[in-house]
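One-letter residues, chain by chain:
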Amino acid sequence: MFLPSSNMTASAIARIFGKLLFDIADNEKHIDSVYVAKFINEMNKTAMDIGMFESMFINAHGLGARGQRTCARDIGRLMYEAVKYPAIIDTWSKRKHVLKVAGPRPRLIPIQNTIEMLKDGRVQGGKTGTLAPSFFNLALFYTLPDGNKAFAVTLYSSSKNTRDDDMRLMLDAVCNC
């Protein structure tokens with residue numbers, strides 16, 4: 001989910017972890033949408049706990065939905081919490097990964113990171129998000145010239161190239177002052 005920005009993976013995670021959020025004593029069978037709803041409810045509670053007061057999640061993958069919203073400040077808060085987990089930083093910093101699938105059809109699946117700016121030595125990682133056809137978002141974790149770490153968020157760029165150009169302008173403005 002972190003490398004290719006996969007909506008299907010986000011939905012699968014919501015389904016699986018939503019099921020785990022129910023009490024073990026709960027023997028009642030639920031349909032997947034109940035598990036996803038439980039996960040999204042926990043997402044919203046966690047968002048409030050970390051200060052994401054302008055955000056409301058309606059789905060697990062972030063695609064447009066009536067009532068779903070966030071802002072750059074809240075995404076920055078989410079990034080601040082995410083970098084507390086070394087496994088997330090490690091995953092974000094990879095340009096590619098090969099997923100090994102076992103079972104009756106074993107295979108290797110190459111996964112490419114959607115953040116092209118990883119080539120920039122300042123960038124430690126981050127996350128892209130796209131609301132097709134015309135909104136391209138990017139949140140980065142990067143290193144300032146003095147060695148401190150920072151976050152940058154750009155929302156609603158009109159294309160992938162514009163998104164990256166917007167972010168480069170922001171990083172250059174902050175790093176060259």
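Here the structure is a predicted model, which is why all the values come from computation and not from measurement.

Participant: Provide a residue-level description of the sheet that holds strand β5 (residues 149-157), including the pertinent values.
Facilitator: The strands making up a sheet associate through hydrogen bonds between their backbones, and the pairing can be parallel or antiparallel. The strand order β3-β4-β5 describes an open sheet built from three strands, whose pairing is antiparallel. Because the sheet does not close on itself, it has two edges, and the strands there are β3 (123-131) and β5. Along the sheet, successive strands turn relative to each other by an average axial angle of 10°, direction set aside. Two elements, strand β4 (residues 135-143) and β5, share seven bridges in a ladder whose sense is antiparallel. The residue of β5 that forms the bridge with Ala139 is Val153. This element, helix α3 (residues 72-82), spans β3, β4 and β5 of the sheet and lies at about 140° to β5.

Participant: Go over the environment of Glu81 with me, naming the residues and quoting the values.
Facilitator: By the secondary structure assignment, Glu81 is in helix α3. Exposure remark for Glu81: the relative accessible area of 23% places this residue in the partly exposed category. Distance from Glu81 to Leu131, taken between C-alpha atoms, is 24 Å for residues 50 residues apart in sequence.

Participant: Go over the packing of helix α1 (residues 7-21) against helix α2 (residues 32-49) with me, naming the residues and quoting the values.
Facilitator: α2 packs onto α1 with a crossing angle of 85° between their chain directions and a minimal axis gap of 7 Å. Taken together, the axes of α1 and α2 are roughly perpendicular relative to one another. Touching Ile13, Ala14, Arg15, Phe17, Gly18, Lys19 and Leu21 of α1 are Asp32, Tyr35, Val36, Lys38, Phe39 and Glu42, all from α2.

Participant: Give a description of the environment of Ser93 that names residues and reports values.
Facilitator: Tracing the backbone shows Ser93 in the loop between α4 (86-92) and β1 (96-101). Under the relative-accessibility criterion, Ser93 is labelled partly exposed at 36%. As a C-alpha pair, Ser93 and Lys45 span 48 residues in sequence and 28 Å in three-dimensional space.

Conventions we followed
- Residues numbered from 1 in each chain as written.
- Predicted model: local features only at pLDDT ≥ 70, side-chain atom pairs only at ≥ 80, totals over all residues.
- Heavy atoms only, no water.
- Pairing = 2+ DSSP bridges.
- Helix = DSSP H or I, 4+ residues; strand = E, 2+ residues; numbered from the N terminus.
- Axes fitted to C-alpha atoms, helices over the stretch in contact; angles between N-to-C directions.
- Contact = heavy atoms within 4.5 Å.
- Buried < 20%, exposed > 50% of the residue type's maximum accessible area, 1.4 Å probe, protein only.
- Parallel < 35°, antiparallel > 145°, perpendicular 65-115°, else oblique.

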